[in-house]
Amino acid sequence: MAKTLKVGVIGVGGIANTHFPGWQESPHTEIAALSDLAEPALQRAAEKTGAKKLYANPEELIADPDIDIVDICTPNMYHTPLTVGALDAGKHVICEKPLAPTPSDIQQMIAARDRSGKLLMTAQHFRFQGSAKALKAEIDGGTLGPIYHARSWMLRRSGAPLRPGFIMKKHSGGGPCIDIGVHILDLTLWMMGHPQPVTVTGITGDRLSKQKGMFSAWGGTIPPEFDVEEFAAAFVRFETGATLILECSWLLHHDMGGRGEDMQMWLYGEKAGSHWPDNQLVSANLKTQQLIDSKLLKAAGGEPHALECIAFAEAVAKKQSSPVPAEESLKVCQILNGLYESAATGREVVITP
Ligand SMILES: NC(=O)c1ccc[n+]([C@@H]2O[C@H](COP(=O)([O-])OP(=O)(O)OC[C@H]3O[C@@H](n4cnc5c(N)ncnc54)[C@H](O)[C@@H]3O)[C@@H](O)[C@H]2O)c1
């Protein structure tokens, strides 16, 4: 089959490298162009992908009439202008998480998407992981019944990415809350069927990162320009009456149990509870009054970053809807933004849809 869709990737430093195999594997796409402000990153990615068109200026890639899909993998604070620019130039856009740092940014993106009639997808790759897909199918089949409470966390003991794009608010928009909290929160809301959040109470912390000599096991001492939170927690109410407790951190004196990252989600439904990523199911037989424990079979896997690109290419080629619509990312962003506002004001924040 001829590959009909040409992809241009903007920001080819780190995560873009996990997208390249997806574009290469999809029957619909080829990587035609790359852009990065840093020449070495651009050259490395060109060698890796064989892309012929290299742009130091991302606006030139966006203006290139040959490009059908723009894949945005820059630090967070550049997502909105690049996404809006690409949609207004008539391109389909997949953009890394967090889609944007504030709800009003995402609303601008949605308006641009609707003006253009093109697809916009958030790269939430955990939705494409085998264990997550298996659990989602089970929940959609009704196994848990209505979910009325969730506990979700993504914690690292000493795992702060010390690049400016993550630790300087002017580039990132925030710390672990919008870097990794966004992953587990997106997954949780997806499993819960995206109820509308109505209030959030949150706190953020920077006690460890301010200590002299504090370091990240991923490499290096926490530098003075680190101006984001290192820890965040929240309690969220939804209009369905459901509730959620969320925790995330890059630096926490937490027993990781041998894992590099402790990412877990408990969902409590009227018929059963579930734990991810183990995909354990917990329920009770009321006739025999016995407790029931079972485990779901893991669905077929695959590398989830590649799979999300393949899914987007398929949706564009077949004129389907976005696999991860911006409206869903807006709810995630409303909660995280509310968490920051609540932490700053010391009060519960009401979320207006
Ligand atoms: N889904 C995931 O698992 C995952 C993991 C890591 C990062 N991310 C997300 O991906 C994005 C990038 O993170 P990363 O780890 O690849 O960062 P990175 O710093 O490794 O790479 C970013 C690249 O973007 C380039 N860049 C910066 N501003 C640019 C601009 N305006 N135009 C063109 N190029 C620009 C930089 O030179 C750099 O090469 C962030 O939004 C981050 O949250 C997602």
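It should be emphasised that the depicted structure is a prediction, and the values quoted were computed from it without experimental measurement.

Novice: With reference to specific residues and values, describe unusual backbone geometry.
Specialist: Each neighbour pair has its own omega, and for Lys97 with Pro98 the value is -15°, a cis peptide bond. Position of Pro98 among the secondary structure elements: in the loop between strand 5 (92-96) and helix 5 (103-116). Residue Pro277 follows Trp276 across a cis peptide bond; omega there is 20°. Locating Pro277 in the fold gives a position in the loop between strand 12 (272-276) and strand 13 (280-285).

Novice: Explain the site of the ligand residue by residue, including any values.
Specialist: Looking at the ligand, there are 23 residues lining it, with Gly11, Gly13, Gly14, Ile15 and Glu96 nearest. For the shell around the ligand, the residue count by class is 10 nonpolar, 8 polar and 5 charged. Looking at which domains feed residues into the shell around the ligand, each of domain 1 (5-125 + 303-323) and domain 2 (127-299 + 333-350) gives three or more.

Novice: An account of helix 11 (residues 326-345) is needed here, citing residue identities and associated values.
Specialist: With 20 residues, helix 11 extends 28 Å between its outermost C-alpha atoms, agreeing within 8% with the 28 Å of an ideal straight helix rising 1.5 Å per residue. Within helix 11, 15 of the 20 residues are buried, leaving the element largely enclosed by the surrounding structure.

Novice: Just give me the short version of the sheet that holds strand 11 (residues 262-269), but keep the residues and values in it.
Specialist: One open sheet accounts for 9 strands, arranged 14-13-12-11-7-10-9-8-15; its pairing is mixed. The open sheet has two free edges, formed respectively by strand 14 (290-295) and strand 15 (349-350), since each of these has just one partner strand. When strand 12 meets strand 13, the two strands line up antiparallel, connected through 4 bridges. Within strand 13, the residue paired with Ala272 across the bridge is Ser283. Where helix 9 (residues 176-192) meets the sheet, it contacts strand 7 (147-155), strand 8 (197-205), strand 9 (231-238), strand 10 (243-249) and strand 11, and its direction lies at approximately 150° from that of strand 7. Here helix 11 sits on the sheet and contacts strand 8, strand 9 and strand 15; the angle it forms with strand 8, its principal contact strand, is near 50°.

Calculation notes
Residues numbered from 1 in each chain as written. Predicted model: local features only at pLDDT ≥ 70, side-chain atom pairs only at ≥ 80, totals over all residues. Helix = DSSP H or I, 4+ residues; strand = E, 2+ residues; numbered from the N terminus. Near = placed C-beta within 6 Å. Nonpolar A, V, L, I, M, F, W, Y, C, P; charged D, E, K, R; others polar. Domains from an automatic or database assignment. Expected span 1.5 Å × (residues − 1). Buried ≥ 20, exposed ≤ 12 C-beta atoms within 10 Å, placed from the backbone. Pairing = 2+ DSSP bridges. Contact = placed C-beta atoms within 7 Å. Axes fitted to C-alpha atoms, helices over the stretch in contact; angles between N-to-C directions.

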